[in-house]
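Coordinates in review
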Amino acid sequence: MCSSDLGSGSTVFTIVGPKILAKATDKLSEGIMAKVTNTGGIDFDYIGMICLILVGFYLVSALFSFIQGFVTSSISQKVAYDLRSSLSKKMSRMPLSYFDRHSSGDTLSRVTNDIDTIAQSLNQSLSQVITSSVTVVGIFIMMLTISVKMTLIAVLVLPLSMLLIMFVMKHSQKYFSRQQKSLGDVNGHIEEMYSAHIIVKAFNGEKQSMQTFETYNKDLYQSAWKSQFLSGLMMPLTQFIGNLGYVGVCILGGYLAMRQEIALGDIQSFITYTRNFTQPINQISQSMNTLQSTAAAAERVFEFLDQPEQLPDSTAPVSNQETIGQVSFENVVFGYEPDKTIIHNFSMYVKPGQTVAIVGPTGAGKTTIVKLLMRFYELNSGAIYIDGVNIKDMKRSDLRSKVGMVLQDAWLFEGTIMENLRFGKQSATYQQVIEACKLAHVDHFIHTLDHGYQTMLGNDTSNISQGQKQLLTIARAFLADPSILILDEATSSVDTRTEILIQKGMDELMKGRTSFVIAHRLSTIRDADLILVMKDGDIFEQGRHEELLAKKGFYADLYNSQFDKMQTA
């Protein structure tokens, strides 16, 4: 009929239910005794009222459960939303040096796996912890109203339970932290191997890749099972200790009943309270493995949020103005690591509209120079000026809006060709896009596709060739129409015929614009206004093509070695 089992999952009923049922039990026992002695009968009206009260508590409990589910779900998802937003904004403020030192897979794992762990844990465990805590406090108060002596016996086991939980948590938390880190390593390795699966297969690297994966996977397995095993010990331990308290309460209750210091219904309700008192503690201990995973995940998320950010823009930035393209480097010193300087006291003055070619062997610092101009990295010392204004006194967004870059590694995102081309200039008209594509000699290729400019590129852009991707990035730079151009091996992925066509378009585009051209094919920069020959982070030679050849120095050796190779081929 009316059983405490019906309300075992309800906090409201768990707290007040046993007390109400005790009254019903006492009333029922009194009625039975009166019936036996022919002095009265069972008061079914009173018992029926008790049942109606219990039904009311069930309805209230269902309402509270609905509200609790709505609130906890909203809170957990709002926390996840805010964390993702914070990480996204943080990434835009992070220096590139951080991403040089950390794998992209590990960073992605923080944004996806770690935040998902936090959200799921909050959704599943937060309500459980709150409900259990409220239940413990409520039951404790109700137990005191029945018997102080029996309450003291019931709560004597709490300190021992807390000590055991703290002991297990102390030893298991390090494995949870290691588990989240190992998960990031696994994700990082998988992401890198997937993005480079063609290279892995081409060089028969599957075995080495699998060995590395097995190492990461084994670390994840070891840390995961240890953390789960240790945290799983908490519930049986707390149950065992709780049962000791339960036995003590039963013995003391029987003794007090014999002395008629407590009613039968109170003993029944107190025993129920004792069970319900240890149950929330067991539930909290059972949730500890999830909460510890959450703590480890949150530690990784906040570790990322606490990383040093790039230097903020000037508080009084120079207002955006028309750029004429005069660029100067003054005593620039830079190293990716503090103790490893790769650019030594670099100085250069570029007049507006000049085309400057930067050449030299691999590792000479050619690409580093243009990265410093874009303020992707901060200088160790020295200064860079555009039109007489120190780039540190400009907003990064203003600085980069003046410069167009075409890198050796062509980057396109999942979307239509039109969306990719407009990436650098969202306000560009359809006709402007067409003109830019004609200059880059890519318009004809686009029209050969089934959907033309609305053709969708895959997430890895595998449906077009590397050379075609390069052409699209060049067209994107044309469309942006910047004052300063940076071309870092811009034609390295196209064939010789296409390179000649692109070179004509770039020559047209570079007219009246300051341009920095980094090239290994020295035949493509013979018409540059100034050629800087770099070696070991310094300007080794400079001048026009004919002047440098006449010197018969380092540049002449580089040029002639390429020419000899072409002749041999």
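Please read all numbers here as calculations on a predicted model, not as lab measurements.

Structural notes on the overall build of the protein
- What the protein contains, in helices and strands, is 19 helices and 12 strands.
- Expressed as a percentage of its 569 residues, the buried residues of the protein come to 42%.
- In the protein, 76% of the contacts between residues at least 6 apart in sequence involve partners at least 24 apart.

Some remarks on the nonpolar core
- The biggest cluster of nonpolar side chains holds 41 residues, and the ones touching the most others in it are Leu421, Val442, Ile446, Tyr453, Ile525, Ile531 and Tyr555.
- The leading source of residues in this core is helix H16 (residues 466-480), at seven residues.
- With 32 residues, the next largest nonpolar core counts Ala364, Ile369, Leu373 and Ile484 among its residues.

Regarding the sheet that holds strand S4 (residues 381-386)
- Across the sheet, four strands lie side by side as S2-S1-S4-S5; this open sheet has antiparallel pairing. In this open sheet, the two strands that pair with only one neighbour each are strand S2 (343-350) and strand S5 (389-390).
- By the bridge criterion, five bridges tie strand S1 (residues 327-334) to S4 in an arrangement that is antiparallel. Each residue of the ladder has a partner; that of Val327, found in S4, is Ile386.
- The strands touched by helix H11 (residues 366-373) within the sheet are S1, S2 and S4, with S1 carrying the most contacts at an inclination of about 115 degrees.

Thoughts on helix H4 (residues 104-146)
- For H4, spanning 43 residues, the distance from its first C-alpha to its last is 61 Å, which sits close to the expected 63 Å at 1.5 Å a residue.
- Of all bends in H4, the biggest is about 35 degrees, found at Leu122.

Details of the sheet that holds strand S9 (residues 484-488)
- The mixed open sheet is built from six strands, whose spatial order is S6-S9-S10-S3-S11-S12. Of all strands in the sheet, those with a lone pairing partner are strand S6 (403-406) and strand S12 (538-543), marking the two edges. Shown here is a sheet whose adjacent strand axes are inclined to one another by a mean of 20 degrees, direction ignored.
- Bridging between S9 and strand S10 (residues 514-518) involves five bridges; their strand directions are parallel. Among the inter-strand pairings, Asp488 is bridged to a residue of S10, identified as Ile518.

Observations regarding a nonpolar patch on the surface
- A cluster of nonpolar side chains, namely Val60, Leu63, Phe64, Phe66, Ile67, Phe70, Val71 and Ile75, defines an oily patch on the protein surface of about 760 Å² accessible area.
- One can find Phe66 in helix H2 (residues 44-93).
- By relative accessible area, which is 61% here, Phe66 ends up exposed.

Description of unusual backbone geometry
- In the Ramachandran plot, Asn345 falls in the positive-phi region, its phi being about 50 degrees despite a non-glycine side chain.
- When you line up the elements, Asn345 lands in strand S2.

Remarks on the packing of aromatic side chains
- As enumerated under the stated definition, the model contains 11 aromatic pairs in all.
- Relative to Phe229, the ring of Trp225 has its centre 6.2 Å away and its plane inclined at 55 degrees; by these criteria the two rings are tilted. Separated by four residues within a single helix, Trp225 and Phe229 lie in helix H8 (residues 206-232), roughly one turn from each other.
- Owing to a relative accessible area of 40%, Trp225 belongs among the partly exposed residues under this scheme.
- Here the aromatic rings of Tyr555 and Tyr559 are separated by 6.3 Å at their centres, their planes lie at 20 degrees, and the arrangement is stacked. Within this pair, Tyr555 and its partner Tyr559 are both found in helix H19 (residues 554-568), separated by four residues, close to a single helical turn. Of the two residues examined, Tyr555 and Tyr559, each falls in the buried class.
- Members of the aromatic cluster, connected to one another through ring pairs, are Tyr98, Phe99 and Phe304.

A few points about the pairing of strand S11 (residues 530-535)
- Within S11, five of the six residues are buried, leaving the element largely enclosed by the surrounding structure.
- Of the pairings in the sheet, the one linking strand S3 (residues 355-359) to S11 comprises four bridges and is parallel in character. By the bridge assignment for S11, Val356 is matched with Leu530.
- If you look at the hairpin formed by S11 and S12, you'll find two residues sitting between the two strands, and Asp536 has a positive phi there, around 55 degrees.

Details of the pattern of salt bridges
- Enumeration over the complete set of coordinates arrives at 13 salt bridges.
- Across the salt bridge formed by Arg300 and Asp114, the nearest N and O atoms sit 2.7 Å from each other. One end of the pair, Arg300, is in helix H10 (residues 264-305); the other, Asp114, is in helix H4, with 186 residues separating them in the sequence.
- With relative accessibility at 0%, the residue Asp114 sits in the buried group.
- Several salt bridges converge on common partners, so that one network encompasses Asp313, Arg375, Glu378 and Arg396.

Re helix H9 (residues 234-258)
- For H9, spanning 25 residues, the distance from its first C-alpha to its last is 36 Å, which sits close to the expected 36 Å at 1.5 Å a residue.
- Taken together, the buried positions of H9 are Met234, Thr238, Ile241, Gly242, Gly245, Val249, Leu252, Gly253 and Leu256.
- Of the residues trailing H9, Gln260 is marked for its positive phi of about 60 degrees.

A few points about empty space enclosed by the protein
- According to the stated counting rule, one finds three cavities of 30 Å³ or more in the structure shown.
- In this structure, the second largest cavity encloses a volume near 50 Å³.
- Ranked by residue count, the leading element in the lining of the second largest cavity is S4, at three residues.
- Among the residues forming the lining of the second largest cavity, the class breakdown is five nonpolar, two polar and three charged.

What counts, and at which threshold
Residues numbered from 1 in each chain as written. Predicted model: local features only at pLDDT ≥ 70, side-chain atom pairs only at ≥ 80, totals over all residues. Heavy atoms only, no water. Helix = DSSP H or I, 4+ residues; strand = E, 2+ residues; numbered from the N terminus. Buried < 20%, exposed > 50% of the residue type's maximum accessible area, 1.4 Å probe, protein only. Contact = heavy atoms within 4.5 Å. Core = buried A, V, L, I, M, F, W, Y, C linked by side-chain atoms within 4.5 Å. Pairing = 2+ DSSP bridges. Axes fitted to C-alpha atoms, helices over the stretch in contact; angles between N-to-C directions. Expected span 1.5 Å × (residues − 1). Bend = angle between axes of the 7 residues up to and from the residue. Patch = residues over 30% accessible without salt bridge, like charges linked within 9 Å, V, L, I, M, F, W, Y side chains within 5 Å. Areas by Shrake-Rupley, 256 points an atom, 1.4 Å probe, with all protein chains shown as cover. Salt bridge = Lys/Arg side-chain N within 4 Å of Asp/Glu carboxyl O. Phe/Tyr/Trp six-rings, centres within 6.5 Å; stacked < 30°, edge-to-face > 60°. 1 Å grid on protein atoms, 1.4 Å probe; cavity = no way out; pocket = protein on both sides within 12 Å on 5 of 7 lines; lining within 4 Å. Points joined across faces, edges and corners; volume = space filled by probe spheres on them. Nonpolar A, V, L, I, M, F, W, Y, C, P; charged D, E, K, R; others polar.

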